[in-house]
Amino acid sequence: MRHLIDPTDLTVKEIDEILALAEDIIANRAKYSEALKGKKLATLFYEPSTRTRLSFTSAMLELGGQVIGFSDANSSSAFKGETVADTVRVIRCFADIIAMRHYKEGAPLVASQYAGIPVINAGDGSHAHPTQTLTDLLTIKREKGHFDNLTVGFCGDLKFGRTVHSLIKALSRYTGIKVILISPEELRLPDYMLHEMADNSNLEFREVRTMEEVMPELDVLYMTRVQKERFLDDEEFDRVKDSFVLDPEKLLSAKKDMIILHPLPRINEITRSVDNDPRAAYFRQVENGKFVRMALIYTLLKWADENKPFEHTPVFNEEYVISDDLRCGNHSCISTTEDVDHIFRKGSDGMCRCAYCEAKAK
Ligand code: ASP
């Protein structure tokens, strides 16, 4: 059974196929209007969402399918203490595919072990957001025409921004990609990501503290909001919340064909006056999200019918160990609150990392 929990669950070729299907859907909407008639998508959203949930809903409806689900953990049995594993074993009796968003990192991975139907990670804590990545890739493809040899600046909250983590992982598989990380010290990328990037000889990256110093180099500027809900300390949030603001003046030195992406919601990190700049692609990006989710749901259901296996089995291959002695060191990981197998992967740095959230083991 194929799921999409991490962007690397898909090979580059499979991503290309999904993007090509999304483009075919855009060009031939009517052809797909009954493609998933009789199929049901369950949207299990334990955390707030506007775009992602409605985009999944609208994607399924436009394929002729139906949608059930909840948009608030308090209106589900999670409120009574039901585990993710039990909830999805129930949902599989009602739906053909699940899109899950959860505030605990690794929850969709746990769900995928018990669901018996395809599970899509619609965002888990500050860890990953692979369908936003597909959205970002489709936008880059449509706006720039290619992925290779791009210089991409990621600006803002790189620590808690799950969309950043997933897009960097996906881009690092193309050639000639240069990543520039623009953040205050407090919001640097998590160290598992920095290690992975340092290990990848294919990828060039550097960290800077202002966007002005790198603006002329960028082909893509990926802006993000500071993720207020993930801070444990209000004072720290107040200190960094206004770190970066993109305005027309800062764009003066940017390339004429640079594109500005943002997974949205935008708070104050892009001024309204940037919206009319043709380089501002963030609202076009939202629409691409619906089409790419149509392509993904369609593909995963097709693969489920065909019993298509993963090319590289995530989590349960020989790189992973189940351990009684190790524990995940991340308080936001699902393995710290639910009764799950404690699974770890030994990295090239000799460090054991949690399979659910990639944080260091204790
Ligand atoms: N909508 C994106 C997410 O769910 C970005 C954000 O919330 O800032 O991660």
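Scroll up a little and you will see the structure.
Residues numbered from 1 in each chain as written. Predicted model: local features only at pLDDT ≥ 70, side-chain atom pairs only at ≥ 80, totals over all residues.

Enquirer: Explanation requested: the sheet that holds strand 12 (residues 352-354) in the structure shown.
Expert: Note: strands within a sheet are paired through backbone hydrogen bonds, in either parallel or antiparallel orientation. Strand order in the open sheet made by the three strands is 10-11-12, with antiparallel pairing throughout. At either margin of the open sheet sits one strand with a lone partner, and together these are strand 10 (320-322) and strand 12. Averaged over all neighbouring strand pairs, the angle between strand axes comes to 40°, with direction disregarded. One ladder, built from three bridges, connects strand 10 with strand 11 (residues 343-346); its direction is antiparallel. Across the sheet, residue valine 321 finds its bridge partner in strand 11, namely phenylalanine 344. (Pairing = 2+ DSSP bridges. Helix = DSSP H or I, 4+ residues; strand = E, 2+ residues; numbered from the N terminus. Axes fitted to C-alpha atoms, helices over the stretch in contact; angles between N-to-C directions.)

Enquirer: For this particular structure, what's the right way to read unusual backbone geometry?
Expert: Across the chain, the bulk of peptide bonds are trans and the bulk of non-glycine residues have phi less than zero. Of note, the bond from leucine 264 into proline 265 is cis; its omega dihedral lies within 30 degrees of zero at 5°. Mapped onto the fold, proline 265 is located in the loop between strand 9 (259-261) and helix 10 (282-306). In this structure, leucine 264 is a non-glycine residue whose phi angle is positive, near 65°. With respect to the helices, strands and loops of the structure, leucine 264 is situated in the loop between strand 9 and helix 10. Unlike most non-glycine residues, glutamate 358 shows phi in positive territory, near 75°. Within the element layout of this structure, glutamate 358 appears in the segment after strand 12. Taking the C-beta count within 10 Å as the criterion, glutamate 358 has 24 such neighbours and is therefore assigned buried. (Buried ≥ 20, exposed ≤ 12 C-beta atoms within 10 Å, placed from the backbone.)

Enquirer: Can you help me understand the pairing of strand 2 (residues 66-70) in this one?
Expert: In regular strands, side chains alternate between the two faces of the sheet. By the bridge criterion, five bridges tie strand 1 (residues 40-45) to strand 2 in an arrangement that is parallel. Pairing of threonine 43 across the sheet is with glycine 69, part of strand 2. As a crossover connection, the stretch from strand 1 through helix 2 (residues 51-62) into strand 2 is right-handed. (Right-handed = clockwise from strand over helix to strand, strands pointing away.)

Enquirer: Which parts of the structure should I look at to understand helix 1 (residues 12-27)?
Expert: Owing to its 3.6 residues per turn, the α-helix aligns residues three or four sequence positions apart on the same side. For helix 1, built from 16 residues, the straight-helix expectation of 22 Å at 1.5 Å per residue is met to within 8% by its first-to-last C-alpha distance of 23 Å. Looking only at helix 1, the buried set comprises Ile15, Ile18, Leu19, Ala22 and Ile25. One side of helix 1 holds all its buried residues, which, seen down the axis, span an arc of 115°. Opposite the buried face of helix 1, by more than 90 degrees, sit the exposed residues Lys13 and Ala27. (Expected span 1.5 Å × (residues − 1). Arc of directions from axis to C-beta.)

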